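Reading the structure
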Amino acid sequence: MKLVKLFSFIAPVAFFAGCQPATEDNAWLKHALDTSVSQLRLTAEEIDASGLMPRSIHKGHDVSFLERQLEMDRSLFQDSLRAQPVPEAVGTRRLCKIYDWTSGFFPGSLWYAYELTGNEEMKAQAINFTEKLNPVRHYDGTHDLGFMINCSYGNALRLSPADTIPAVLIETADNLISRFNPEIGAIRSWDFGPWNFPVIIDNMMNLDLLFEATRLTGDPKYQAVALRHADKTMPNHFRPDYTSWHVVSYNNDGTVELKQTFQGKNDDSAWARGQAWGVYGYTSCYRVSKDPKYLDFARHIADMIMSRVQTEDAIPYWDYDAPVTDETPRDASAAAVTASALFELSTMVEDGQRYFDYAEKIIKSLSSPAYLAKPGENAGFILLHSTGSLHHGSEIDVPLNYADYYYLEALQRYMKLKGLSYAEL
Ligand code: GLY
């Protein structure tokens, strides 16, 4: 598995094009790609003039439902974080500014749709929406710069190189490493809240931008910061069973101030998307460093996810420790991130087939009518049934731009590994 899969990343289409069994039915994949293109086209056309990016759909929340899912009395809620949308907004597309942490996902989805189908309209819109993010290169107010700029400009550089793109990535990486504290050994995630130096597990996802900056400049400092962050996160964010805390705050001497959740059910629960961010992040660390400790760690997290997610379609509930009832929401975004990570992980180990099979099961579930939008519906988003922050009554059982992005990335990795091209589906 390992050699074949490694090779397939280098020359996938040429090598595997003739290997597909003639009987294999990829109609589901063709439908998923066509639906994605039509949803992205609709969204791009409808929001272009706004200067904003699509994020989700406005939805209100029922406080009794939150109490049941969080197993917490409403008197303990921080109500200031639980604003309801104005009634007129409910059901409409939720847009966000370019400084929102999710701003890079829509341009990135357009890039993947172009790569997957060769559709030139997707490329033109990808360039259009990527360019809107240019001012973010001057921003240093969050750790999410990797999400914002690597998913947009990083894919632009890969698929349509231009001389102007590396500078955007490098300037943004400089801003990201300015948030690194060498005494603590980590990149600061947030500039808000009560914590001394908060680091969230999500931060593992921003390291790819730093790996890319080292590749572009030849300067090892970006990668060194990223791997120090990963090394600090490993012993402090993870429990003996390889689940992770969401937020770890450090004292100035690098000792732990406290471990909490922000978006999960409770401090010691396993918030579904956090587990996905972790396996993705350590798989990336192994890709660039080839240090087996990261591979070993990614495998442990993957194995934990595969044993803890017991739903029949492999799409997790929003938190592994949430009470499971008919009303418990899923998180398709966590599933999409996991699938993308596990496709890559499957290429790195001898027994990778089991990771591949699990990831394939996820993307087939997400491509089924239960999760894939009908063209023209779902406010132009591709997937249904993600959960942003149930803890805050925010974005519960809705589409999310990052679910769409990692779904398309997972489809891209799947098609490469299978040697599939859109024209042959
Ligand atoms: N990075 C924030 C989230 O995963 O919701």
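Scope of this entry: the structure provided in the associated data block. (Residues numbered from 1 in each chain as written. Predicted model: local features only at pLDDT ≥ 70, side-chain atom pairs only at ≥ 80, totals over all residues. Heavy atoms only, no water.)

Before going further, it helps to examine the pairing of strand S9 (residues 394-398). Note: strand S8 (residues 386-389) against S9, three bridges, orientation antiparallel. Looking across to S9, one finds that Ser389 is bridged to Ser394. (Pairing = 2+ DSSP bridges. Helix = DSSP H or I, 4+ residues; strand = E, 2+ residues; numbered from the N terminus.)

Spanning 15 residues, helix H13 (residues 332-346) covers 21 Å between terminal C-alpha atoms, matching the ideal 21 Å at 1.5 Å per step. With 15 of 15 residues buried, H13 is to be regarded as a mostly interior element. (Expected span 1.5 Å × (residues − 1). Buried < 20%, exposed > 50% of the residue type's maximum accessible area, 1.4 Å probe, protein only.)

It is a general feature of regular strands that their side chains alternate between the two faces of the sheet. Note: strand S6 (residues 247-250) against strand S7 (residues 256-260), four bridges, orientation antiparallel. Along S7, the bridge assignment pairs Tyr250 with Val256. Between the end of S6 and the start of S7, which pair antiparallel, lie five residues, with Gly254 showing a positive phi angle near 90 degrees.

A few words on the packing of aromatic side chains. Counting across every chain of the model gives 30 aromatic pairs. Plain terms: the ring middles of Phe105 and Tyr405 are 5.5 Å apart, the flat faces sit at 55 degrees to each other, and that makes the pair tilted. Residue Phe105 is found in helix H5 (residues 105-117), and its partner Tyr405 is found in helix H15 (residues 401-418); the two are separated by 300 residues along the sequence. Classification of Phe105 as buried rests on a relative accessible area of 0%. Considering the side-chain rings of Phe147 and Trp277, the 5.1 Å spacing of their centres and the 55 degrees angle between planes classify their relative orientation as tilted. Here Trp277 lies in helix H11 (residues 272-289) and Phe147 lies in helix H7 (residues 145-159), a separation of 130 residues in the sequence. You'll find Phe147 and Trp277 in the same group, each marked buried. Grouping aromatic residues by their ring pairs yields a cluster made of Trp101, Phe105, Tyr112, Phe147, Trp277, Tyr280, Tyr402, Tyr405 and Tyr406. Sitting above the plane of the Phe129 ring, Lys132 keeps its charged end 5.0 Å from the centroid. A cation over an aromatic ring shows up here: Arg239 above the ring of Trp245, its NZ or CZ 4.5 Å from the ring centre. (Phe/Tyr/Trp six-rings, centres within 6.5 Å; stacked < 30°, edge-to-face > 60°. Lys NZ or Arg CZ within 6 Å of the ring centre and 35° of its normal.)

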